[in-house]
Amino acid sequence: MARLVIVSNRVPDASEATGPRAGGLAVGLADALTPGTLWFGWSGRRGRQTTTEPAYAEFRRLTYATIDLGEADYRAFYLGFSNGTLWPLFHMMPNLTSFDRAEYAVYREVNHIFATALLPLLRPDDLIWIHDYQLLGVAAALRALGVHNRIGFFLHIPFPAPAIYEVLPPARELLSGMLANDVIGFHTERDRWHFLNTVNVILGIDATADNVITHAGHSTQVIVTPIGIDVDGFTAQAVRAARRVATKRMVESLSGRTLMIGIDRLDYTKGLPARFDAYQRFLANYPEHRHHISFLQIAAPSREEVDRYRALRKDLDNKTGAINGAYSDFDWVPLRYMTRTVSRSLIAGFYRTARIGLVTPLRDGMNLVAKEYVAAQNPADPGVLVLSRFTGAAAGMAEALQVNPLDIDAVAEAIGAALAMPLEERQMRHAALLERLRHESAKAYCDAFTASLRGANH
Ligand code: ADQ
């Protein structure tokens, strides 16, 4: 069978492959890659200059080939255009989006360097699978270098509505570049719909009938393949973790109180300030629950060199102080807030002990935390998932208590409803959610995408 070549901005190194990983892509893919796969991308190291000779490592029968980024490229390509322009715009937050032509030029250049460094590693029948918004231009760069292999691209974040996408100064160039792929995949129908409409508005091609875009003599198939998790593996990890000393210590520290949990990267798209406001509103409006609930929010620091991320951290520090200052008692702290990355096994144990999983991003491509929370529950006494409607995960999780994360009264009410929900209803909702998770597993995601790529008209 043809070899699979994964191309992503960040390639996890061997130590990360077993340690904590606060990022959806590393988690989702690591659960499903088959032996023999080559994974190519940035090592996470920064040096004086971007390197073009990959370094190799083997781990669990996967080969990792990585290049380092030069400091200036890291700033312009990664912090600048990828995370200052594309990230907020694609999450439909144009007011937070900045654009700098010089940064975009570096983004194009780095995408080109990815293609040139990958070129000598390629075999003629390799299937090339490129991931995410940092690498929108890699397929076109590979084609320009004469690569005829099948190439696919998957976007892990939302694709914005046309009226938002067209704000991007190089909108047309990036979109045409994406069409050098044979297959483009999204998490949800909504993303595909936005993409096809954007292609219609910007390039004048209507592909809404058959999801195949023909542009410059080349066809691109647009598919929906939602990412998932290894459900049984995660459930087993949660069961084991629940017996660990650390989990037991945490449970003891609750002194019989109910636990509500939030796990996120510290990112403004995750809706944390509004979530803290909603919890404060809940404490204000449901005085009978004070002293009986403990909210544990674990937030993994992310992109700390970007001002907006530092400002978010400060804002959350302030809100934590305000909530605990107003409501704590000498023997009860309502909000436990940790800014660090913790091990997956610890997280799994915490999910299992939590009666409520609170997942309220303003926008999210998918959101694996919602899926992990459900997989970790004890089916005999499961907790309740409170989930933002604006996550990709919401499309397949009708039995969660779905909320608009901006409506803090509604989120406060959902917390109250979750606490009041009878066992039978919790079990019914959980069983239905779990059943769907099994169908949309990490393996199903990889199989569906690679099958489309293999069968792509070429
Ligand atoms: P992310 O934005 O990183 O991923 P998400 O899907 O929630 O978001 O995945 C985060 C992963 O990191 C989860 O596995 C979670 O357990 C872990 N994690 C989060 N905080 C952590 C912490 N404090 N300590 C340890 N682990 C932590 C992007 C998109 C998502 C999409 C994924 C996959 O933004 O929408 O679901 O890619 O496509």
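All of the points below concern the structure found in this document. (Residues numbered from 1 in each chain as written. Predicted model: local features only at pLDDT ≥ 70, side-chain atom pairs only at ≥ 80, totals over all residues. Heavy atoms only, no water.)

**Some remarks on the nonpolar core**
Step number 1: Judged by nonpolar contacts, the single largest core of 101 residues is most densely connected at I130, L142 and F195.
Step number 2: No other element matches the 9 residues that helix α3 (residues 71-90) contributes to this core.
Step number 3: Two domains share this core, each providing at least three of its residues, namely domain 1 (4-228 + 442-455) and domain 2 (231-439).
Step number 4: Those residues within four positions of F195 in sequence are excluded, and the remaining contacts are F159, L175, M178, L179, I184, F186, I213 and V222.
Step number 5: By size, the runner-up hydrophobic cluster in this structure holds 56 residues, among which are W39, F154, M366 and A376. (Core = buried A, V, L, I, M, F, W, Y, C linked by side-chain atoms within 4.5 Å. Buried < 20%, exposed > 50% of the residue type's maximum accessible area, 1.4 Å probe, protein only. Helix = DSSP H or I, 4+ residues; strand = E, 2+ residues; numbered from the N terminus. Domains from an automatic or database assignment. Contact = heavy atoms within 4.5 Å.)

**Here's the deal with the packing of helix α9 (residues 231-242) against helix α13 (residues 344-353)**
Step number 1: Two numbers describe how α9 lies on α13: the axes approach to 7 Å, and their chain directions differ by 80 degrees. Viewed along their axes, α9 and α13 adopt a mutual orientation that is roughly perpendicular. The segment α9 lies against α13, with F234, Q237, A238, V239, A241 and A242 engaging R344, S345, A348, G349, Y351 and R352.
Step number 2: Each residue belonging to the contact of α9 with α13 can be placed in one class, and the counts come to 7 nonpolar, 3 polar and 2 charged. (Axes fitted to C-alpha atoms, helices over the stretch in contact; angles between N-to-C directions. Parallel < 35°, antiparallel > 145°, perpendicular 65-115°, else oblique. Nonpolar A, V, L, I, M, F, W, Y, C, P; charged D, E, K, R; others polar.)

**Section: the sheet that holds strand β2 (residues 38-47)**
Step number 1: Spatially, β3-β4-β2-β1-β5-β6-β7-β9-β8 is the arrangement adopted by the 9 strands of the open sheet, whose pairing is mixed. At either margin of the open sheet sits one strand with a lone partner, and together these are β3 (55-59) and β8 (212-215). Taking the axes of each pair of neighbouring strands and ignoring which way they run, one obtains an average angle of 25 degrees across the sheet.
Step number 2: Where β3 and strand β4 (residues 62-70) come together, 5 bridges link them in antiparallel fashion. Note that in β4 the partner of A55 across the bridge is T66.
Step number 3: Contacting β1 (4-10), β2 and β4, α3 crosses the sheet at an angle of about 100 degrees to β4.
Step number 4: Across the sheet, helix α17 (residues 442-454) is in contact with β1, β5 (127-131), β6 (150-154), β7 (183-186) and β9 (218-224); its angle to β5 comes to roughly 125 degrees. (Pairing = 2+ DSSP bridges.)

**Examining the site of the ligand**
Step number 1: Near the ligand, the surroundings consist of 30 residues, among which H156, D364, M366, N367 and E372 are the closest.
Step number 2: Here a nitrogen atom of the ligand and a backbone polar atom of D264 are 3.3 Å apart.
Step number 3: With respect to the ligand, the backbone of R340 contributes an N or O atom lying 3.0 Å from a nitrogen atom.
Step number 4: Relative to its unbound accessible surface of 710 Å², the ligand loses 97% to contact with the protein.
Step number 5: The set of elements that each furnish at least two residues to the shell around the ligand consists of α2 (24-30), β10 (258-265), β11 (293-300), α13 and α14 (368-376).
Step number 6: When grouped by side-chain class, the residues that make up the shell around the ligand number 15 nonpolar, 7 polar and 8 charged.
Step number 7: Both domains that furnish three or more residues to the shell around the ligand are identified here as domain 1 (4-228 + 442-455) and domain 2 (231-439). (Near = heavy atom within 4 Å. Polar contact = N/O pair within 3.5 Å; in protein donor to acceptor, adjacent residues only side chain to side chain. Areas by Shrake-Rupley, 256 points an atom, 1.4 Å probe, with all protein chains shown as cover.)

**As for the pattern of salt bridges**
Step number 1: Taken as a whole and judged by the stated rule, the model has 23 salt bridges.
Step number 2: The shortest N-O distance in the salt bridge between D267 and R303 comes to 3.4 Å. Residue D267 is found in the loop between β10 and α11 (272-285), and its partner R303 is found in the loop between β11 and α12 (307-327); the two are separated by 36 residues along the sequence. Per residue, the accessibility class of D267 equals that of R303, and both read buried.
Step number 3: Linked through salt bridges whose partners overlap, the residues forming this network are R46, E71, R75 and E305. (Salt bridge = Lys/Arg side-chain N within 4 Å of Asp/Glu carboxyl O.)

**Remarks on the packing of aromatic side chains**
Step number 1: Summed over all chains, the structure comprises 31 aromatic pairs.
Step number 2: Ring centres 6.2 Å apart and planes at 75 degrees place the aromatic pair F81 and F99 in the edge-to-face group. In this pair, F81 sits in helix α3 while F99 sits in the loop between α3 and α4 (101-118), placing the two residues 18 residues apart along the sequence.
Step number 3: Exposure remark for F81: the relative accessible area of 0% places this residue in the buried category.
Step number 4: Ring geometry for Y351 against Y373: centres 6.1 Å apart, planes inclined by 80 degrees, an arrangement best described as edge-to-face. (Phe/Tyr/Trp six-rings, centres within 6.5 Å; stacked < 30°, edge-to-face > 60°.)

**A look at the sheet that holds strand β13 (residues 356-359)**
Step number 1: Read across the open sheet, the 6 strands follow the order β12-β11-β10-β13-β14-β15; overall the sheet is parallel. Where the open sheet ends on each side, the last strands, each with one partner, are β12 (335-338) and β15 (401-403). Taking the axes of each pair of neighbouring strands and ignoring which way they run, one obtains an average angle of 20 degrees across the sheet.
Step number 2: Sheet analysis places β13 next to strand β14 (residues 384-388), joined by 4 bridges and oriented parallel. Looking at β14, one finds that V359 is bridged to L387.
Step number 3: Its contacts with the sheet put helix α15 (residues 408-420) on β10, β11, β13, β14 and β15, and the angle it makes with β15 is roughly 170 degrees.

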